[in-house]
Amino acid sequence: QVQLVESGGGSVQAGGSLRLSCAASGRTFSMGAMGWIRQAPGKEREFVAAIRWSNYIQYADSVKGRFTISRDTAQNAVFLQMNSLKPEDTAVYHCVARPGGLTTIPDDYDYWGQGTQVSVSA
């Protein structure tokens with residue numbers, strides 16, 4: 001089993017920035033891809049970004065150029081730097097992980113954190 005704990009959420013105005021962190025523990029050697037999935041009230045879960053090792057990265061079109069994902073393999077951590085935030089970025093952000101490669105399908109991720117709230121006001 002892998003445990004994921006997120007931190008760094010909060011409330012900001014549009015145009016602001018936040019940095020999310022995710023610490024992994026447990027059978028971390030089994031993790032291939034790590035990433036972020038978000039869910040806004042009344043909406044489906046949405047892929048945000050994922051990373052495998054340090055050089056295989058994928059972003060949702062809605063966040064390209066604004067969000068940056070990075071990973072510290074030695075520390076078993078993944079980060080999401082979010083800049084130029086928009087009200088439509090408001091959601092609960094979940095850290096996710098899976099043994100395999102990158103995927104944009106939320107259901108393909110085996111491990112999920114509890115989530116951290118990000119709220120962006122206009």
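Our structure's up above, just so we're on the same page.
Analysis parameters
Residues numbered from 1 in each chain as written. Predicted model: local features only at pLDDT ≥ 70, side-chain atom pairs only at ≥ 80, totals over all residues. Heavy atoms only, no water. Pairing = 2+ DSSP bridges. Helix = DSSP H or I, 4+ residues; strand = E, 2+ residues; numbered from the N terminus. Axes fitted to C-alpha atoms, helices over the stretch in contact; angles between N-to-C directions. Polar contact = N/O pair within 3.5 Å; in protein donor to acceptor, adjacent residues only side chain to side chain. Contact = heavy atoms within 4.5 Å. Salt bridge = Lys/Arg side-chain N within 4 Å of Asp/Glu carboxyl O. Buried < 20%, exposed > 50% of the residue type's maximum accessible area, 1.4 Å probe, protein only.

A. The arrangement of the sheet that holds strand S8 (residues 77-82) in detail. Ordered in space as S1-S3-S8-S7, the four strands form an open sheet in which the pairing is antiparallel. Both outer strands of the open sheet, strand S1 (2-7) and strand S7 (67-72), are each paired with one neighbouring strand and no more. Taking the axes of each pair of neighbouring strands and ignoring which way they run, one obtains an average angle of 15° across the sheet. Across six bridges, the pairing between S1 and strand S3 (residues 18-26) is antiparallel. Within the sheet, the bridge partner assigned to Val 5 lies in S3 and is Ala 23.

B. A look at the side chain of Arg 66. With respect to the helices and strands, the residue Arg 66 is situated in the loop between strand S6 (56-59) and S7. Side-chain polar atoms of Arg 66 contact the backbone oxygen of Ser 62, separated by 2.9 Å. Beyond its immediate sequence surroundings of up to four residues, Arg 66 is in contact with Gln 81, Met 82, Asn 83, Ser 84, Leu 85, Lys 86 and Asp 89.

C. Spatial organisation of the pattern of salt bridges. Taken as a whole and assessed by the stated rule, the structure comprises five salt bridges. In this structure, Arg 38 engages Asp 89 in a salt bridge whose closest nitrogen and oxygen atoms are separated by 2.9 Å. Highlighted residues: Arg 38 in strand S4 (residues 33-39) and Asp 89 in the loop between S8 and strand S9 (91-98), separated in sequence by 51 residues. On the basis of relative accessible area, Arg 38 is assigned to the buried category, the value being 5%. Looking at Asp 89, the relative accessible area reads 1%, which means it is buried. Members of the salt-bridge network, linked through shared partners, are Arg 38, Glu 46, Arg 66 and Asp 89.

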